[in-house]
Amino acid sequence: MDAIVPQPLSMTQDELKAEVGRAALAYVTPGSVLGVGTGSTVDKFIDALAASGMPLAGAVSSSERSTQRLRAHGLRVVEAAEVESLSVYIDGADEIDGRGCMIKGGGGALTREKIVADLAERFVCIADASKQVPVLGAYPLPVEVIEMAASPVARRFAQLGGDARLRAGVVTDNGHPILDVHGLRITDPPALETEVNQWPGVVTVGIFARHRAQVCLLGTLQGVQTLVFSCRWRRHSPPHRPQQGAPLAKPNYSFEKRQREQAKKKKKEEKEREKALRKAGGLPPAPDDESEGADDGTPAPAPAGRPPA
Ligand code: 5RP
């Protein structure tokens, strides 16, 4: 249980952001390399980090904006290529739902944010209470696209009831435009994230469901609340980061399961038919070592004496 520090009766959104920025320091391990997001809340966090004097090996930054701010404070910025993993990534959000899924990209840094979040074991979201929503989508969903794909992607969103508008005068750190999609009600964030990721020309969709927050420090008038979300999705599938020498987890696809079950059923039916034939004298008696097909439904070699089918 968090100790709730009483706050003044009225606080600006900016002050709430500063509060959560300071609270996030508790999640930073001195001497570590840290993942750092982008935005006005993260700016507060960077300022608090610098003011704290905590020694840090470095920070992997998610934007030119954060890189500049980190460096201005004398904090070392490390390239993503220099680290294999990070224990913590700290970033803001435009919206966060009750499962820790987020809309991000209001500041246009969504692609690098997802890359750095993917390196981290834990995403700590820092946000003021206005960002907490029951269902994502009231905030227009940012989608970074290859310029040529802007219209086709906008048409696809229109089919889903979304109104995609080009963010005027904005080019990301990666040189791409951004579409802001209005009018969506994202009831299943992982499904929509997966779907949009398939569309040709989409660089990054601003749904962070696969990379959702494990913890959210929410700035409220009653103090900073710590929301902890249960981990239903594994951030790193086994093939992405296998342990040395560890076997890869067996896939559990329902399609394969169905195929195995059908093969088993077929084998059972064949056996029953054979038994009935034998009983009726249409087949010679079964050999002692009657071999059976493999469990995966591979048919057994026909025993000697069995007439060709
Ligand atoms: C930037 C982001 C930001 O985290 C998001 O826009 C929240 O920003 P702020 O802290 O300024 O409210 O995703 O791409």
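Turning to the packing of helix H1 (residues 13–23) against helix H2 (residues 40–52), a few remarks are in order. One way to put it is that H1 packs onto H2 with a least axis distance of 8 Å and a crossing angle of 50°. Taken together, the axis directions place H1 and H2 in an arrangement best described as oblique. The element H1 and its partner H2 pack so that their crossing is right-handed. Taking contact as the criterion, the partners of Asp 14, Lys 17, Ala 18, Val 20, Gly 21 and Arg 22 in H1 are, on H2, Ser 40, Thr 41, Lys 44, Phe 45 and Ala 48. Its residues assigned to classes, the contact of H1 with H2 shows four nonpolar, three polar and four charged.

In the vicinity of the ligand there are 17 residues, among which Ser 40, Thr 41, Asp 94, Gly 105 and Lys 131 approach most closely. Thr 41 is positioned with one of its side-chain polar atoms (N or O) 2.5 Å from an oxygen atom of the ligand. Coverage of the ligand by the protein amounts to 91% of the 380 Å² it exposes when considered alone. Across the shell around the ligand, the residue classes tally to two nonpolar, nine polar and six charged.

Moving on, we come to the confidence of the model for the chain. When pLDDT is averaged along the chain, the result is 85; 78% of the residues meet or exceed 70. For the stretch residues 237–256, pLDDT sits under 50, and the model shows 12 contacts to residues farther than four places along the chain or on other chains. Confidence drops under a pLDDT of 50 for residues 289–309, and excluding neighbours within four residues, the segment shows 21 contacts in the predicted structure.

For the rest of this paragraph, the subject is the sheet that holds strand E4 (residues 95–96). The three strands are arranged E4-E5-E11 in an open sheet whose pairing can be described as antiparallel. Strands with a single pairing partner mark the edges of an open sheet, and in this sheet they are E4 and strand E11 (207–208). As judged from the two bridges shared by E4 and strand E5 (residues 102–103), these two strands associate in the antiparallel manner. Residue pairing across strands places Ile 96 opposite Met 102, the latter belonging to E5.

In this section: the nonpolar core. In this structure, Leu 34, Phe 45, Ile 90 and Leu 217 are the most contacted members of the largest nonpolar core, which totals 25 residues. Elements supplying a minimum of two residues to this core: strand E1 (33–36), H2, strand E3 (86–91), strand E6 (120–128) and strand E12 (215–220). Looking at which element gives the most residues to this core, the answer is H2, with five residues. Residue contacts for Leu 34: discarding those within four places in its chain leaves Val 28, Phe 45, Leu 49, Leu 56, Gly 58, Ala 59, Val 60, Leu 86, Val 88 and Ile 90. In terms of nonpolar packing, the next biggest core, distinct from the first, is built from 24 residues, Ala 164, Leu 179, Leu 192 and Val 202 among them.

Moving on to the environment of Gly 100. Residue placement: Gly 100 occurs in the loop between E4 and E5. When its relative accessible area of 0% is taken as the criterion, Gly 100 is described as buried. Residues Gly 100 and Gln 132, spaced 32 residues apart in sequence, show a C-alpha to C-alpha distance of 9.5 Å. When near neighbours in sequence (up to four residues on either side) are disregarded, Gly 100 contacts Phe 208, Arg 212, Ala 213 and Phe 229.

This paragraph deals with the pattern of salt bridges. Once the charged atoms of two side chains with opposite charge are near each other, the side chains can pair. This structure, assessed with the given rule, holds 13 salt bridges. Residues Lys 104 and Asp 91 are paired through a salt bridge, measuring 2.8 Å at the closest nitrogen-oxygen approach. Pair noted here: Lys 104 is in the loop between E5 and helix H4 (110–119) and Asp 91 is in strand E3, with a separation of 13 residues, a long-range link. Taken as a pair, Lys 104 and Asp 91 share a single burial class, namely buried.

It is worth spelling out the environment of Pro 134 at this point. Within the secondary structure layout, Pro 134 lies in the loop between E6 and strand E7 (141–145). Expressed as a C-alpha distance, the spacing of Pro 134 and Glu 95, which sit 39 residues apart in the sequence, is 9.5 Å.

Calculation criteria
- Residues numbered from 1 in each chain as written.
- Predicted model: local features only at pLDDT ≥ 70, side-chain atom pairs only at ≥ 80, totals over all residues.
- Heavy atoms only, no water.
- Axes fitted to C-alpha atoms, helices over the stretch in contact; angles between N-to-C directions.
- Helix = DSSP H or I, 4+ residues; strand = E, 2+ residues; numbered from the N terminus.
- Parallel < 35°, antiparallel > 145°, perpendicular 65-115°, else oblique.
- Left-handed = near helix turned anticlockwise from the far one by under 90°.
- Contact = heavy atoms within 4.5 Å.
- Nonpolar A, V, L, I, M, F, W, Y, C, P; charged D, E, K, R; others polar.
- Near = heavy atom within 4 Å.
- Polar contact = N/O pair within 3.5 Å; in protein donor to acceptor, adjacent residues only side chain to side chain.
- Areas by Shrake-Rupley, 256 points an atom, 1.4 Å probe, with all protein chains shown as cover.
- pLDDT = per-residue confidence, 0-100.
- Pairing = 2+ DSSP bridges.
- Core = buried A, V, L, I, M, F, W, Y, C linked by side-chain atoms within 4.5 Å.
- Buried < 20%, exposed > 50% of the residue type's maximum accessible area, 1.4 Å probe, protein only.
- Salt bridge = Lys/Arg side-chain N within 4 Å of Asp/Glu carboxyl O.

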